Amino acid sequence: MDKRFWICGLTISATALVLGFLVHGVLLRADYLALAHLFRPRAEANANVGWILLAYAALGLGMTWLYRWLPPPVRRKRWHGARFGLAIALVSFLPWHLLAHAGQPFPLALALKQVGLDVLSMLLLGLLLAWLQPHRVALAVAPD
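Because the structure is a prediction, the values reported are computed rather than measured. (Residues numbered from 1 in each chain as written. Predicted model: local features only at pLDDT ≥ 70, side-chain atom pairs only at ≥ 80, totals over all residues. Heavy atoms only, no water.)

Draft legend 1. Just the overall build of the protein chain, in detail. Secondary structure summary: the protein chain contains 7 helices and 0 strands in total. Ordered by position in the sequence, the α and β elements of the protein chain form the string α-α-α-α-α-α-α. Across its three principal directions, the C-alpha atoms of the protein chain cover 70 × 30 × 20 Å. Among the 144 residues that make up the protein chain, the fraction classed as buried is 30%. A total of about 9600 Å² of accessible surface is found on the protein chain, and carbon and sulfur atoms cover 72% of it. Charge separation in the protein chain, taken as the distance between the mean sites of 13 positive and 5 negative side-chain charges, equals 9 Å. (Helix = DSSP H or I, 4+ residues; strand = E, 2+ residues; numbered from the N terminus. Buried < 20%, exposed > 50% of the residue type's maximum accessible area, 1.4 Å probe, protein only. Areas by Shrake-Rupley, 256 points an atom, 1.4 Å probe, with all protein chains shown as cover. Lys, Arg positive; Asp, Glu negative; His and termini not counted. Charge placed at Lys NZ, Arg CZ, Asp CG, Glu CD.)

This is how it looks when you write it as structure tokens:
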């Protein structure tokens, strides 16, 4: 895990945190407020913010680590990243939201909004990861 891994991983983590705030803190806020009785009280939720930061750090570093295991794309790097983001969404956010809907009294409309917005977020994170190119080796010092 070199310097490039940490830079890419922390960039993806920070971007995922911002996207998560936009999706769940802004776009879905009204939906969540309608179901406020199902969630922790605000003071208790605020006390657990460290777990949210840890979750997004794990997401960003994990995605970067997995992306580096893939062979570098031969062409169309951008779509390589989008496909990677879609694959991550299909094994994480999509089943998670569907399972939450099955086990908790969340409306199907909310679950579908969560799925759609989180899949879009993962596509964007995959595109960003492809653009950052964590496979790339830093340039060596030019010979004299």
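Draft legend 2. A look at the nonpolar core. Ranked by internal contacts, the top residues of the largest apolar core, which has 17 residues, are Ile-12, Leu-59, Met-63, Phe-84, Met-122, Leu-125 and Leu-129. Contributions of two or more residues to this core are made by helix H1 (3-27), helix H4 (49-69), helix H5 (77-91) and helix H7 (108-132). At 7 residues, the largest contribution of residues to this core is made by H7. If we skip the residues at most four places from it in the chain, Met-63 touches Ile-12, Phe-84, Ile-88, Met-122, Leu-125, Gly-126 and Leu-129. Counting 6 residues, the second largest nonpolar core, distinct from the first, contains Val-23, Leu-28, Tyr-32 and Leu-110. (Core = buried A, V, L, I, M, F, W, Y, C linked by side-chain atoms within 4.5 Å. Contact = heavy atoms within 4.5 Å.)

Draft legend 3. Region of the structure containing the layout of surface pockets. By volume, the largest pocket amounts to about 1700 Å³. Of all the elements in the fold, those that place two or more residues in the lining of the largest pocket are H1, helix H2 (29-34), helix H3 (42-47), H4, helix H6 (93-103) and H7. Tallying contributions element by element places H4 first for the lining of the largest pocket, with 8 residues. Across the lining of the largest pocket, the residue classes break down as 21 nonpolar, 9 polar and 4 charged. (1 Å grid on protein atoms, 1.4 Å probe; cavity = no way out; pocket = protein on both sides within 12 Å on 5 of 7 lines; lining within 4 Å. Points joined across faces, edges and corners; volume = space filled by probe spheres on them. Nonpolar A, V, L, I, M, F, W, Y, C, P; charged D, E, K, R; others polar.)

Draft legend 4. Quick look at empty space enclosed by the protein. Counted under the stated rule, the structure contains 1 cavity of 30 Å³ or more. Along its surface, the largest cavity is lined by Ala-16, Leu-19, Gly-20, His-24, Tyr-56, Leu-59, Phe-93, Asp-118, Ser-121, Met-122 and Leu-125. When residues of the lining of the largest cavity are traced back to their parent elements, those giving at least two are H1, H4 and H7. Residue classes in the lining of the largest cavity are distributed as 7 nonpolar, 3 polar and 1 charged.

Draft legend 5. Quick peek at the pattern of salt bridges. A complete count under the given rule lists 3 salt bridges for this structure. Of the charged contacts, one joins Asp-31 and Lys-113 as a salt bridge, the two residues approaching to 3.1 Å between their closest N and O atoms. Of this pair, Asp-31 sits in helix H2 while Lys-113 sits in helix H7; the two residues are 82 residues apart in sequence, bridging distant segments of the chain. Residue classification places Asp-31 among the partly exposed residues on the basis of a relative accessible area of 22%. (Salt bridge = Lys/Arg side-chain N within 4 Å of Asp/Glu carboxyl O.)

Function cannot be inferred from these measures alone, as they are strictly geometric.
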